[in-house]
Amino acid sequence: MCCISISLFKTKKAPNEKTDSTIGKTTDFIKDNVGKLTFMAFVPMLAEEAMASIKGVGFAKKVLDPSLVSKVAKTNKLAYLTYLGVALASSIGISLGVKAKDAIAKPKLVEENN
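Quick summary incoming for the structure in this document. All figures in this text were calculated on a predicted structure; none of them were measured in a lab.

Rules of the game
Residues numbered from 1 in each chain as written. Predicted model: local features only at pLDDT ≥ 70, side-chain atom pairs only at ≥ 80, totals over all residues. Heavy atoms only, no water. Helix = DSSP H or I, 4+ residues; strand = E, 2+ residues; numbered from the N terminus. Buried < 20%, exposed > 50% of the residue type's maximum accessible area, 1.4 Å probe, protein only. Arc of directions from axis to C-beta. 1 Å grid on protein atoms, 1.4 Å probe; cavity = no way out; pocket = protein on both sides within 12 Å on 5 of 7 lines; lining within 4 Å. Points joined across faces, edges and corners; volume = space filled by probe spheres on them. Contact = heavy atoms within 4.5 Å. Polar contact = N/O pair within 3.5 Å; in protein donor to acceptor, adjacent residues only side chain to side chain. Patch = residues over 30% accessible without salt bridge, like charges linked within 9 Å, V, L, I, M, F, W, Y side chains within 5 Å. Areas by Shrake-Rupley, 256 points an atom, 1.4 Å probe, with all protein chains shown as cover. Salt bridge = Lys/Arg side-chain N within 4 Å of Asp/Glu carboxyl O. Axes fitted to C-alpha atoms, helices over the stretch in contact; angles between N-to-C directions. Parallel < 35°, antiparallel > 145°, perpendicular 65-115°, else oblique. Nonpolar A, V, L, I, M, F, W, Y, C, P; charged D, E, K, R; others polar.

### A word on the environment of Ser53
Tracing the sequence through the fold places Ser53 in helix H3 (residues 34–63). The sequence separation of Ser53 and Ala73 amounts to 20 residues, and the corresponding C-alpha distance is 7.7 Å.

Pasting the structure below:
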């Protein structure tokens, strides 16, 4: 949630503007990679659901007929695709939202007074 907030509220830098502070570099990195970071946040859930499906099919093999096991495996694959779809849709949606915000709020070059 923090990555989304940083990406939406941080103004995009002008082409010639550079950041020297650690916080500025960190928030720039988050803003530039918010889609990837969002997907990475879903990876533990995707891994857990994949393992649960594999274990479920293993248990089904011990109890059910082979025709029912194939149906369970197919259902688990379709259910897993919903989790993957949510992860992809969230990542793409957040990336597009940040790009749309950046297109509306154009960067302004900050001039330093020496």
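### Overview of helix H2 (residues 22–32)
Along H2, the residues classified as buried are Gly24, Thr27, Asp28, Ile30 and Lys31. When H2 is viewed along its axis, its buried side chains cluster within an angular range of 160° and face the same direction. Facing away from the buried side of H2, by more than 90 degrees, are the exposed residues Thr22 and Asp32.

### A few points about the layout of surface pockets
Considering only enclosed or pocket space, the largest pocket measures out at about 270 Å³ in volume. In terms of lining, the largest pocket is formed by 15 residues, of which the most central are Lys31, Asp32, Asn33, Val98 and Asp102. When contributions to the lining of the largest pocket are tallied by element, the ones reaching two or more residues are H2, H3 and helix H4 (66–104).

### Thoughts on the environment of Ser91
If you trace the backbone, Ser91 turns up in helix H4. Residue Ser91 is classed as buried on the basis of its relative accessible area, which comes to 7%. Sequence separation between Ser91 and Phe42 is 49 residues, and the spatial gap between their C-alpha atoms is 9.4 Å. Ignoring any residue separated from it by four or fewer positions in sequence, one finds Ser91 in contact with Gly35, Thr38 and Phe39. Reaching out from Ser91, the side chain makes a polar contact with the backbone oxygen of Gly35 at a distance of 3.4 Å.

### A word on a nonpolar patch on the surface
The grouping of Val63, Leu64 and Leu68 at the surface amounts to a nonpolar patch, some 260 Å² of accessible area in total. Mapped onto the fold, Val63 is located in helix H3.

### What about the packing of H3 against H4?
Between H3 and H4, the least distance of the axes is 10 Å, while the angle of their chain directions is 175°. Put simply, H3 runs roughly antiparallel to H4. Here the contact of H3 with H4 is built from residues that sort into 19 nonpolar, seven polar and two charged.

### Focus on the pattern of salt bridges
Throughout the structure, instances matching the rule amount to one salt bridge. A salt bridge links Asp102 to Lys31, with the nearest nitrogen and oxygen atoms 3.0 Å apart. In this pair, Asp102 is assigned in helix H4 and Lys31 in helix H2, connecting sequence segments 71 residues apart. For the pair formed by Asp102 and Lys31, the shared burial category is buried.

Taken by themselves, the reported measurements are silent on function.
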